[in-house]
Amino acid sequence: MTPEEIHAEIRRLDRLSKLLDARFRVLGIRFGWDGIASLIPGVGDAATLLPGAWLIWRAHKLGVPTAVILRMAANSGLDFVGGSIPVLGTIFDVAFKSNLRNMALLRQHLETGRRS
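The rules behind these values
- Residues numbered from 1 in each chain as written.
- Predicted model: local features only at pLDDT ≥ 70, side-chain atom pairs only at ≥ 80, totals over all residues.
- Heavy atoms only, no water.
- Helix = DSSP H or I, 4+ residues; strand = E, 2+ residues; numbered from the N terminus.
- Buried < 20%, exposed > 50% of the residue type's maximum accessible area, 1.4 Å probe, protein only.
- Contact = heavy atoms within 4.5 Å.
- Polar contact = N/O pair within 3.5 Å; in protein donor to acceptor, adjacent residues only side chain to side chain.
- Axes fitted to C-alpha atoms, helices over the stretch in contact; angles between N-to-C directions.
- Parallel < 35°, antiparallel > 145°, perpendicular 65-115°, else oblique.
- Left-handed = near helix turned anticlockwise from the far one by under 90°.

*Asks:* I'd like to hear about the environment of Asn75, residue by residue, with values.
*Replies:* Tracing the backbone through its elements, the reader meets Asn75 in helix α4 (residues 66-83). Asn75 gets classed as buried once you look at its relative accessible area, which sits at 15%. Here the alpha-carbon distance between Asn75 and Arg15, two residues 60 residues apart in the chain, equals 18 Å. Excluding residues within four positions of it along the chain, Asn75 makes contact with Phe96, Ser98, Arg101, Asn102 and Leu105. Polar contacts involving the side chain of Asn75 include one to the side chain of Asn102, which spans 2.9 Å.

And the structure:
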């Protein structure tokens, strides 16, 4: 991938992570479709796991090392399990923001890789 293609991919993934974790703001609290979907027991968390998995897959395609991919998968897995708890899971989803965490890991890897 060219640097321009990588930047375009990062922008797309960033938009996705913000859509899932920080699209809306109410009373100073940011949340996204992941938090909203978690209101639907079982189905909501499963539905938002798919775009999160896609983000991880794209990170893999960008050359992110296995150790970072495993951390990203752990974030998504924790979000899925924690978000599955009725009522408390929605609060967890709004607070944990696994997709934004995963984007931070991706950016950290890309910045470190460029300096090397």
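*Asks:* Any chance you could break down the packing of α4 against helix α5 (residues 88-96) for me, citing the residues and the numbers?
*Replies:* Relative to each other, α4 and α5 sit at 150°, their axes nearing to 8 Å. The angle between the axes of α4 and α5 places the two elements in the roughly antiparallel class. Two secondary-structure elements touch here, α4 through Asn75, Leu78, Asp79, Gly82 and Gly83 and α5 through Gly89, Phe92, Asp93 and Phe96.

*Asks:* Outline the packing of helix α1 (residues 3-21) against helix α3 (residues 43-61), supporting the account with residue identities and numerical values.
*Replies:* Two numbers describe how α1 lies on α3: the axes approach to 11 Å, and their chain directions differ by 155°. Here α1 is positioned roughly antiparallel relative to α3, judged by the angle of their axes. The hand of the α1/α3 crossing is left-handed. Of the residues in α3, those touching α1 at Glu9, Leu13, Leu16, Ser17 and Leu20 are Thr48, Pro51, Gly52, Trp54, Leu55 and Arg58.

Such coordinate-based values are descriptive only and should not be taken to indicate function.
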